[in-house]
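# An overview of the molecular structure
Listed below, chain by chain, are the residues.
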Amino acid sequence: MKKRIVAIIPARMAASRFPGKPLAKILNLPMIEHVRRRTLLSGILDDVVVATCDQAIIDTVHAHGGKAVMTKDTHLRCTDRVEEAAAHIDADIVVIVQGDEPLFDGSIIEKLVTPLLANDKLVCSNLLTPITDPKDILDVDIVKALMDTTSQVLYFSRAAVPHVRVQSQCPVYRQTGLSAFTKYFLTKFSNLAPTPLEIVESVDFLRILEHRYPIYGVVDPRRSVGVDRPDDVGIVEDILKNDPVQRKIFEGILSLR
């Protein structure tokens, strides 16, 4: 039987560094609509839903012909918001797409969920991108990921890992906001007790590893440009105007609903 795959996009207006971020206009289209429509480009999804605690976001998504559901305003983690929304949605696999990634390529979702479709023992996958700039290793705002030789994530950290005592080829990856869960495990994850490493590193997915569940790392060379601060909007707009690939995607989503 075909598994039903649904993407859920968590979004809220009360971002500390950029209040109202989901509705910020990027070339006259609200950012949440950039993300939702790009997600629709994935041919493997059965549905796309925005999960939010803000009526303004729901109204905007509905006005553009999309689907959105109301969640509680007490969630501290996006995974908990997605889990609440998923409880009322018919799905076997839930893909979490961050609402502040207006340049991500929706076609990558198939690459992310394929391991879960191929192996029933896998419960979670996380999209990773290679880190090539040594400065990024030192940036505590970038969550680094290390994998073993079978693509299982060993650890996430904001610190500069691994410590390089001997020069050798050792790939380090950036954790992205794109992940996939079996619906059963997403519920289990939300109910697992918080863990020491998760708390001190402030990295939600460490809870999964500390409770000894595997995370499959899916590597893609492309790095998306997220929007964290108001100044990032201009950067994204310049890319949409001047990068031929991104411009084509943008022109294509304008007709989607």
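As shown above, the structure is provided for reference.
Quick caveat, the model's predicted, so the values are computed rather than measured.

## Regarding the overall build of the chain
Of regular secondary structure, the chain possesses 10 helices and 11 strands. The C-alpha atoms of the chain give 18 Å as radius of gyration, which agrees with the globular expectation for 257 residues (18 Å, within 12%). Its C-alpha atoms give the chain principal-axis dimensions of roughly 55 × 40 × 35 Å. For the chain, the exposed surface amounts to about 12,800 Å²; the carbon and sulfur share of it is 53%. Charged side chains of the chain number 32 positive and 33 negative; the gap between the two group centres comes to 2 Å.

## Regarding the layout of surface pockets
In this structure, the second largest pocket spans a volume of roughly 330 Å³. Taken together, 16 residues make up the lining of the second largest pocket; nearest its centre are Val164, Ser168, Cys170, Pro171 and Val172. For the lining of the second largest pocket, the class distribution of residues is 10 nonpolar, 5 polar and 1 charged.

## Quick look at the pattern of salt bridges
Per the counting criterion, the structure on display carries 13 salt bridges. Between Lys21 and Asp100 there is a salt bridge, with the nearest N and O atoms lying 3.1 Å from each other. Here the residue Lys21 occupies a position in the loop between strand S1 (5–11) and strand S2 (25–26), and Asp100 occupies one in the loop between strand S6 (93–96) and helix H4 (108–118), the gap between them amounting to 79 residues. When its relative accessible area of 17% is taken as the criterion, Asp100 is described as buried. What emerges from the salt-bridge pattern is a single network uniting Asp105, Lys111, Asp220 and Arg222.

## Brief notes about the packing of helix H9 (residues 231–242) against helix H10 (residues 244–253)
Between two packed helices, the angle of one axis relative to the other and the distance separating the axes together describe the packing. Across the interface, H9 lies against H10 with an axial gap of 5 Å and an inter-helix angle of 95°. Taken together, the axes of H9 and H10 are roughly perpendicular relative to one another. Across the interface between the two elements, Ile239, Leu240, Lys241 and Asn242 from H9 touch Pro244, Gln246, Arg247 and Phe250 from H10. Of the residues assigned to the contact of H9 with H10, the class counts are 4 nonpolar, 2 polar and 2 charged.

## Examining the environment of His163
By the element assignment, His163 lies in the loop between strand S9 (153–157) and strand S10 (173–182). Linking His163 and Phe185, residues 22 residues apart in sequence, is a C-alpha distance of 33 Å.

## Considering the side chain of Thr39
Topologically, Thr39 is positioned in helix H1 (residues 31–40). A relative accessible area of 0% means that Thr39 is categorised as buried. In contact with Thr39, other than residues within four places in its own chain, are Ala7, Ile9, Leu45, Val48, Val97, Phe104 and Ile109.

## Quick look at the environment of Asn191
Mapped onto the elements, Asn191 comes out in helix H6 (residues 183–191). Residues Asn191 and Asp80 lie 111 residues apart in sequence; the distance between their C-alpha atoms is 9.1 Å. A polar contact is formed between the side chain of Asn191 and the backbone oxygen of Thr187, at a distance of 2.7 Å.

## Details of unusual backbone geometry
Cis geometry marks the peptide bond from Val161 to Pro162, where omega comes out at -5°. Counting through the fold element by element, Pro162 comes out in the loop between S9 and S10. Unusually for a residue other than glycine, Asn28 sits at a positive phi of about 70°. Its location among the elements puts Asn28 in the loop between S2 and strand S3 (29–30).

## With respect to a nonpolar patch on the surface
Residues Leu197, Ile199 and Val200 make up a contiguous nonpolar surface patch of roughly 300 Å² in combined accessible area. Tracing the sequence through the fold places Ile199 in helix H7 (residues 196–201).

## Details of the state of the cysteines
Evaluation of the coordinates by the stated rule reveals 0 disulfides. The cysteine Cys53 is free of any disulfide, with Cys78 supplying the nearest cysteine sulfur at 12 Å. The class of Cys53 is buried, set by a relative accessible area of 19%. Here Cys78 is not disulfide-linked; the sulfur of Cys124 is the nearest cysteine sulfur, at 12 Å. The partly exposed category is assigned to Cys78, whose relative accessible area is 27%.

## Some details on the nonpolar core
Of all hydrophobic cores here, the largest spans 31 residues; its most connected members are Ile8, Cys124, Phe156, Phe181, Ile208 and Ile215. Not counting residues within four places of it along the chain, the set of residues in contact with Ile215 comprises Cys124, Asn126, Ser151, Gln152, Val153, Phe156, Phe205, Ile208 and Leu209. Counting 28 residues, the second-largest nonpolar core is a separate cluster that includes Ile44, Ile93, Ile109 and Val218.

Rules used in this analysis
- Residues numbered from 1 in each chain as written.
- Predicted model: local features only at pLDDT ≥ 70, side-chain atom pairs only at ≥ 80, totals over all residues.
- Heavy atoms only, no water.
- Helix = DSSP H or I, 4+ residues; strand = E, 2+ residues; numbered from the N terminus.
- Rg over C-alpha atoms; globule rule 2.2 N^0.38 Å.
- Areas by Shrake-Rupley, 256 points an atom, 1.4 Å probe, with all protein chains shown as cover.
- Lys, Arg positive; Asp, Glu negative; His and termini not counted.
- Charge placed at Lys NZ, Arg CZ, Asp CG, Glu CD.
- 1 Å grid on protein atoms, 1.4 Å probe; cavity = no way out; pocket = protein on both sides within 12 Å on 5 of 7 lines; lining within 4 Å.
- Points joined across faces, edges and corners; volume = space filled by probe spheres on them.
- Nonpolar A, V, L, I, M, F, W, Y, C, P; charged D, E, K, R; others polar.
- Salt bridge = Lys/Arg side-chain N within 4 Å of Asp/Glu carboxyl O.
- Buried < 20%, exposed > 50% of the residue type's maximum accessible area, 1.4 Å probe, protein only.
- Axes fitted to C-alpha atoms, helices over the stretch in contact; angles between N-to-C directions.
- Parallel < 35°, antiparallel > 145°, perpendicular 65-115°, else oblique.
- Contact = heavy atoms within 4.5 Å.
- Polar contact = N/O pair within 3.5 Å; in protein donor to acceptor, adjacent residues only side chain to side chain.
- Patch = residues over 30% accessible without salt bridge, like charges linked within 9 Å, V, L, I, M, F, W, Y side chains within 5 Å.
- Disulfide = S-S within 2.5 Å.
- Core = buried A, V, L, I, M, F, W, Y, C linked by side-chain atoms within 4.5 Å.

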